[in-house]
Amino acid sequence: MPHTASFKCPRCGFESYNANDLKHRYCVRCHLFADDLPIRVGDQVRLTVEGQTVTGSVILASPNGRSLAVEFEAILAGAVGMLPVLQSDNGQWQDLMGRAVELRVIVGRSAVGR
Ligand SMILES: [Zn+2]
């Protein structure tokens, strides 16, 4: 099988080889654009702040998924156990002190049962 570029949905993990899905980062299973997928309570995320990466779970989320509190068992850039993060209009995440945060959903809610 030849190597083909694919798009993997960060929420449900569905992988699409459709060029349009890839281009638009669209998930046919979630029927959402990846960049519009709201992150919700219970999602597992990976946070990177100032070069340090932790895995945590979302314990608070605004309805649009752009204001979150993430809980983890670590000290991340001075934050003990929890970090509130906000997403700005350009898609960049930051903490309340304005530090850049890299956030990635690693285990979203399964598409099953939705
Ligand atoms: Zn999906």
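These figures come from a predicted structure and were not determined experimentally. (Residues numbered from 1 in each chain as written. Predicted model: local features only at pLDDT ≥ 70, side-chain atom pairs only at ≥ 80, totals over all residues. Heavy atoms only, no water.)

**Description of the nonpolar core**
Short version of the rule: Here, the term nonpolar core denotes a set of buried Ala, Val, Leu, Ile, Met, Phe, Trp, Tyr and Cys residues that are joined through side-chain atoms within 4.5 Å. The cut-offs for exposure are 20% and 50% of the maximum accessible area for each residue type, with area from a 1.4 Å probe on protein chains only; residues under the lower value are buried, those over the upper are exposed, and the others partly exposed. Numbering of helices and strands runs from the N terminus; a helix is a DSSP stretch of H or I covering at least four residues, while a strand is a stretch of E covering at least two. Contact between two residues is taken to exist if any of their heavy atoms lie within 4.5 Å; hydrogens are not considered.
Ranked by internal contacts, the top residues of the largest apolar core, which has 18 residues, are L47 and L83. Those elements giving two or more residues to this core turn out to be strand 5 (44–49), strand 6 (52–61), strand 7 (67–76), strand 8 (79–87) and strand 10 (100–107). Tallying contributions element by element places strand 7 first for this core, with four residues. In this view, L83 contacts L47, V49, L68, A69, V70, F72, L76, D95 and V101; residues no more than four positions away in its chain are not counted.

**Quick notes on the environment of A77**
One can find A77 in the loop between strand 7 and strand 8. A relative accessible area of 17% means that A77 is categorised as buried. Between the C-alpha atoms of A77 and G51, which are 26 residues apart in sequence, the distance is 8.8 Å. In this view, A77 contacts V49, E50, Q52 and R99; residues no more than four positions away in its chain are not counted.

**Points about the environment of N64**
Defined as follows: The term polar contact refers here to a pair of N or O atoms within 3.5 Å; inside protein, the definition further demands a hydrogen-donor-capable atom paired with an acceptor-capable atom, and it admits residues adjacent in sequence only when both atoms are side-chain atoms.
With respect to the helices, strands and loops of the structure, N64 is situated in the loop between strand 6 and strand 7. Each C-alpha atom, one on N64 and one on I39, is 7.7 Å from the other, the two residues being 25 residues apart in sequence. Reaching out from N64, the side chain makes a polar contact with the side chain of S62 at a distance of 2.7 Å. Here the side chain of N64 touches R66 through a polar contact of 3.0 Å, landing on its backbone nitrogen.

**What to know about the side chain of D43**
Residue placement: D43 occurs in the loop between strand 4 (32–33) and strand 5. Of the polar contacts made by the side chain of D43, one reaches the backbone nitrogen of R40; its length is 3.0 Å.

**Quick look at the confidence of the model for the chain**
Basically, it comes down to this: Known as pLDDT, the predictor's confidence for each residue is given on a scale from 0 to 100.
Mean pLDDT over the chain stands at 85; residues scoring 70 or higher make up 88%. Segment residues 110–114: pLDDT under 50, and five contacts once partners within four positions in sequence are set aside and those in other chains are kept.

**As for the pairing of strand 8**
How we decide: A strand pair is defined by DSSP finding two or more bridges across the two strands.
Judged from the seven bridges that link them, strand 7 and strand 8 form a sheet pairing that is antiparallel. Counted as the bridge partner of L68 is V85 from strand 8. Once strand 7 ends, the chain turns through two residues before running back antiparallel as strand 8, passing A77 with a positive phi of about 50°. Pairing geometry for strand 8 and strand 9 (residues 93–95), over three bridges, is antiparallel. The partner of V85 across the bridge, within strand 9, is D95. The hairpin formed by strand 8 and strand 9 contains five residues between the paired strands, and G91 there has a positive phi angle of roughly 95°.

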